[in-house]
Amino acid sequence: MDPKYSAQDVARCDLCKTVIAHSYCDFCHVNLCKPCIGEHISDEYDKHKIVPILQRKSTLKYPKCKIHQNEVCHYQCKDCNIFVCSHCFASKQHKEHEFLKLKDSFSAKKNHILKDREELEEQILPTYEEIAIDLENQISNLDGEYKKLTSDMSNQREEIHREVDNVFDQMNMEIGEIKVKHHSILQKHLNEIKQLQSLMQQTLIALNEIEESNEVTSIIHYSSKNEQFSKLPPKVHVSMPKFIPKQREKEQLYSLIGKLTPLSTTLEERVFTAKKPNTSVRELLDEPEILSTIKTGHEKLFSVTCLNEEQIWTSGGTAEIKCFNIQGVLQKAIKTKSEIRPNDIAVDRDGALLYSDSTARTVYKVKNDQTEEIIKIQGWKLTELCVTFSGDLLVTMHSDDKTQSKAVRFSGSTVKQIIQFDEEGQPLYSGIDRITYISENRNLDICVADSGAQAVVVVNQAGKFRFRYTSPPSTTKKKPFTPYGITTDSQSRILTSDCNNHCIHILDSDGQFLRYIDNCDLEYPYGLCVNSDDSLFVCEYFKGNVKKIRYSK
């Protein structure tokens, strides 16, 4: 839009410069107020065309003919691709040529311009704005991404330092052992020399006595031992061990440490497409069905977590944590560091196994058969844990005096968030020493099965209370609702085990009861997990079985 006609600046008369213009000369292209119209047309020039200012520039301004002076061109010669006036139109030069009316071409081009403007304004420009926002987000995330890169490299440095220290410690130990052996060899030969020296001293004493003696018999029977003593013992040569440092090439050192890939830039062709809403909805089945049963052999099966689509980890009442494939074949088994049963297990985004140990007040990470301590706390006992979509770790815990409970979010080993009280300062969770399984929803709500309070407690990502679910009235469920395991699915539904009533409750993301899973012969269901395909894995506490159940389409 022309700035002088914008809402911020009302059009003024171009003659008097002060009064607001209500008219426009569409030939001379000037703004006019009512008093100035007469002055403008007073020159009797017959081509003035006065129109309301809102209709300004409605009269087409045709180009002048380059051949015939004072003539305007209303046509375009399509063959010569030039503008022509009526005289040119009738000339022999353009005989049998094809002509286009400039008015028609102007209208068609105007419509095309209008469509271009609408497309640019409503489709293309917003797409560029999205691209700009994406690039700005990438730039703002650079510090975090490069911090992670240097952190990964620092971890490798520490790992290599530990391995190098271990190698040198082992070599120092070997040097100590060699030194002891060296000392033993020399000491043995020294002892033999000293024993011979002692014999020679005794012989000298005997010779002195014989020399002064006048007894014939002893002198006659004397036998010299000098020949025996003159045979010197062999000289012992024990070569000192040597440390031969290995020559290091820079490339070999790089290959030992790892590889830093170069910055790679590629240009990917962008194609504008309209965004379509996500209509992928998994509806609940009328009758959930058991797909398979895995016999784990655990006594008192507490927890199950998915490693991937083909494998699960399980833990129970012993120190052994077992990995099975979905056919029920044992793939691997490890023992906890303290040889006491883990409180809960989880798998992080890198596929490493995590487990909590309330006795040691520690969360451990197991990867490549190596166990490391990642979280250590004081004054509280860890209970259950889960890995969030962002890669953080949520851990539930209760105080040593069993009066308080809380959920804590860790980023690595750093406390990032504590969830303990509502907005009125009241405890969100019971302080009873009971199982408090935890899970994160797709909408990033934090869901806790508070068995001590016989409720599911849900807060949002910021820790603000959303709702508390305590089970609907039921004529078939005779025992009090006591949730233990809890998990969520791709539809943000919440699933929690009702152990004493042998069923699973399914809630929507707002805590509304949807249905039970109570037709799969479940006995004392406990720990739960859902894989990416929304298949449900349920621990049967006393039987030690994991049942895989399909409950949605």
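Since this is a predicted model, take the numbers as computed values, not measurements. (Residues numbered from 1 in each chain as written. Predicted model: local features only at pLDDT ≥ 70, side-chain atom pairs only at ≥ 80, totals over all residues. Heavy atoms only, no water.)

Asker: Please set out the overall build of the protein residue by residue, giving values where relevant.
Answerer: Scanning the protein from N- to C-terminus turns up 7 helices and 30 strands. By the compact-globule yardstick of 24 Å for 553 residues, the protein is too spread out, its C-alpha radius of gyration being 46 Å. Its C-alpha atoms put the protein at 180 × 80 × 55 Å along the principal axes. Just so you have it, the protein exposes about 36,800 Å², and 51% of that area is on carbon and sulfur atoms. (Helix = DSSP H or I, 4+ residues; strand = E, 2+ residues; numbered from the N terminus. Rg over C-alpha atoms; globule rule 2.2 N^0.38 Å. Areas by Shrake-Rupley, 256 points an atom, 1.4 Å probe, with all protein chains shown as cover.)

Asker: Talk me through the pattern of salt bridges; I want residue IDs and the actual numbers.
Answerer: Evaluated as defined, the whole model comprises 20 salt bridges. A salt bridge links Asp392 to Arg409; the nearest nitrogen and oxygen atoms lie 3.6 Å apart. Of this pair, Asp392 sits in the loop between strand S16 (380–387) and strand S17 (393–399) while Arg409 sits in strand S18 (residues 405–411), and the two are 17 residues apart along the sequence. Overall, Asp392 belongs to the buried group, its relative accessible area being 7%. A relative accessible area of 5% places Arg409 in the buried class. (Salt bridge = Lys/Arg side-chain N within 4 Å of Asp/Glu carboxyl O. Buried < 20%, exposed > 50% of the residue type's maximum accessible area, 1.4 Å probe, protein only.)

Asker: Explain a nonpolar patch on the surface to me, using residue names and the numbers behind them.
Answerer: Together, Ile139, Leu142, Tyr146, Leu149, Leu260 and Leu263 give the surface a local cluster of nonpolar side chains, amounting to about 650 Å² of exposed area. Sort the elements by how many residues they give to the nonpolar patch and helix H4 (residues 142–212) lands first, with 3 residues. Within the fold, Ile139 resides in helix H3 (residues 102–140). Residue Ile139 is classed as exposed on the basis of its relative accessible area, which comes to 57%. (Patch = residues over 30% accessible without salt bridge, like charges linked within 9 Å, V, L, I, M, F, W, Y side chains within 5 Å.)

Asker: Any details on the sheet that holds strand S22 (residues 455–459)? Residues and values, ideally.
Answerer: Through backbone hydrogen bonds, the strands of a sheet pair up, either in parallel or in antiparallel fashion. Pairing is antiparallel in the open sheet, where 4 strands are placed in the order S20-S21-S22-S23. For this open sheet the edge positions go to strand S20 (436–440) and strand S23 (465–469), each flanked by a neighbour on one side alone. Strand-to-strand twist across the sheet, computed as the mean angle between neighbouring axes with direction ignored, equals 15°. (Pairing = 2+ DSSP bridges. Axes fitted to C-alpha atoms, helices over the stretch in contact; angles between N-to-C directions.)

Asker: Describe in detail the sheet that holds strand S4 (residues 75–77), supporting the description with residues and values.
Answerer: Read from one edge of the open sheet, 3 strands run S5-S4-S6, paired in antiparallel fashion. What marks the edges here is a single partner per strand, and that holds for strand S5 (82–84) and strand S6 (99–101). Strand-to-strand, the axes of this sheet are offset by a mean angle of 35°, without reference to chain direction. Sheet topology note: the S4/S5 ladder contains 3 bridges and is antiparallel. Considered in S5, the bridge of Tyr75 is made with Val84. Docked against the sheet, H3 engages S4, S5 and S6, running at close to 65° with respect to S6. (Contact = heavy atoms within 4.5 Å.)

Asker: Describe the side chain of Lys547, naming the residues involved and giving the relevant values.
Answerer: Within the secondary structure, Lys547 is located in strand S30 (residues 545–552). Polar contacts involving the side chain of Lys547 include one to the main-chain carbonyl oxygen of Asp521, which spans 3.0 Å. With residues up to four places along the chain from it excluded, the contact list for Lys547 reads Ile290, Ser292, Thr293, Cys520, Asp521, Leu522, Leu536, Phe537, Val538 and Glu540. (Polar contact = N/O pair within 3.5 Å; in protein donor to acceptor, adjacent residues only side chain to side chain.)

Asker: Can you explain the pairing of strand S13 (residues 353–357)? Please cite residues and give values.
Answerer: For S13, the tally of buried residues reaches 5 of 5 residues, placing the bulk of the element in the interior. Because side chains alternate across S13, one face comprises the buried residues Leu353, Tyr355 and Asp357, and the other comprises Leu354 and Ser356, equally buried. In textbook terms, the turn of a hairpin is the stretch between consecutive antiparallel strands, and for strand S12 (residues 344–347) and S13 this stretch comprises 5 residues, one of which, Gly351, has a positive phi near 85°. Pairing of S13 with strand S14 (residues 362–367), which is carried by 5 bridges, proceeds in the antiparallel orientation. Bridge pairing in S14 places Leu354 opposite Lys365. Hairpin connection of S13 to S14: 4 residues between the antiparallel strands, including Arg361 at a positive phi of 55°.

Asker: Explain the packing of aromatic side chains residue by residue, including any values.
Answerer: All chains considered together, the criterion is met by 12 aromatic pairs. With a centroid separation of 4.5 Å and an interplanar angle of 45°, the aromatic rings of Phe89 and Phe99 are classed as tilted. Highlighted residues: Phe89 in helix H2 (residues 86–90) and Phe99 in strand S6, separated in sequence by 10 residues. Assessed through its relative accessible area of 37%, Phe89 is described here as partly exposed. Seen from their ring centres, Tyr437 and Tyr526 are 6.3 Å apart, and the 85° between their planes marks the pair as edge-to-face. Highlighted residues: Tyr437 in strand S20 and Tyr526 in strand S28 (residues 525–530), separated in sequence by 89 residues. When the ring centre of Trp380 is taken as origin, the NZ or CZ atom of Lys406, which lies over that ring, is 4.0 Å away. A cation sits over an aromatic face here: Lys477 above Tyr516, 4.6 Å from the ring centre. (Phe/Tyr/Trp six-rings, centres within 6.5 Å; stacked < 30°, edge-to-face > 60°. Lys NZ or Arg CZ within 6 Å of the ring centre and 35° of its normal.)

Asker: Let's hear about the environment of Gln327: which residues, and what values?
Answerer: Along the chain, the position of Gln327 falls in the loop between strand S10 (320–325) and strand S11 (330–335). Here the alpha-carbon distance between Gln327 and Gln201, two residues 126 residues apart in the chain, equals 85 Å.

Asker: Before we move on, could you go through the state of the cysteines and cite the residues and values that matter?
Answerer: Following the criterion strictly, the structure yields 0 disulfides and no others. No disulfide involves Cys88; its sulfur sits 3.7 Å from the nearest other cysteine sulfur, which is in Cys85. Look at Cys88 and you get buried, because its relative accessible area is 3%. Cys447 takes part in no disulfide bond, and the closest cysteine sulfur, belonging to Cys386, lies 8.9 Å away. (Disulfide = S-S within 2.5 Å.)

Asker: Got a sec to walk through H3? Specific residues and values, please.
Answerer: Maximum bend of H3: about 45°, positioned at Leu120. On the buried face of H3, the contacting elements are S4, S5 and S6. (Bend = angle between axes of the 7 residues up to and from the residue.)

Asker: Residue-level account of the nonpolar core, with values.
Answerer: With 26 residues, the main nonpolar core has Val304, Ile312, Ile486, Ile494, Tyr526, Phe537 and Val546 as its most contacted residues. Only strand S8 (303–306), strand S21 (446–450), S22, S23, strand S24 (483–488), S28 and strand S29 (535–540) provide two or more residues apiece to this core. If we skip the residues at most four places from it in the chain, Phe537 touches Val304, Cys306, Ile312, Gly527, Leu528, Cys529, Asn531, Val546, Lys547 and Lys548. Judged by nonpolar contacts, the second largest core, of 13 residues, contains Trp380, Leu385, Val408 and Phe410. (Core = buried A, V, L, I, M, F, W, Y, C linked by side-chain atoms within 4.5 Å.)

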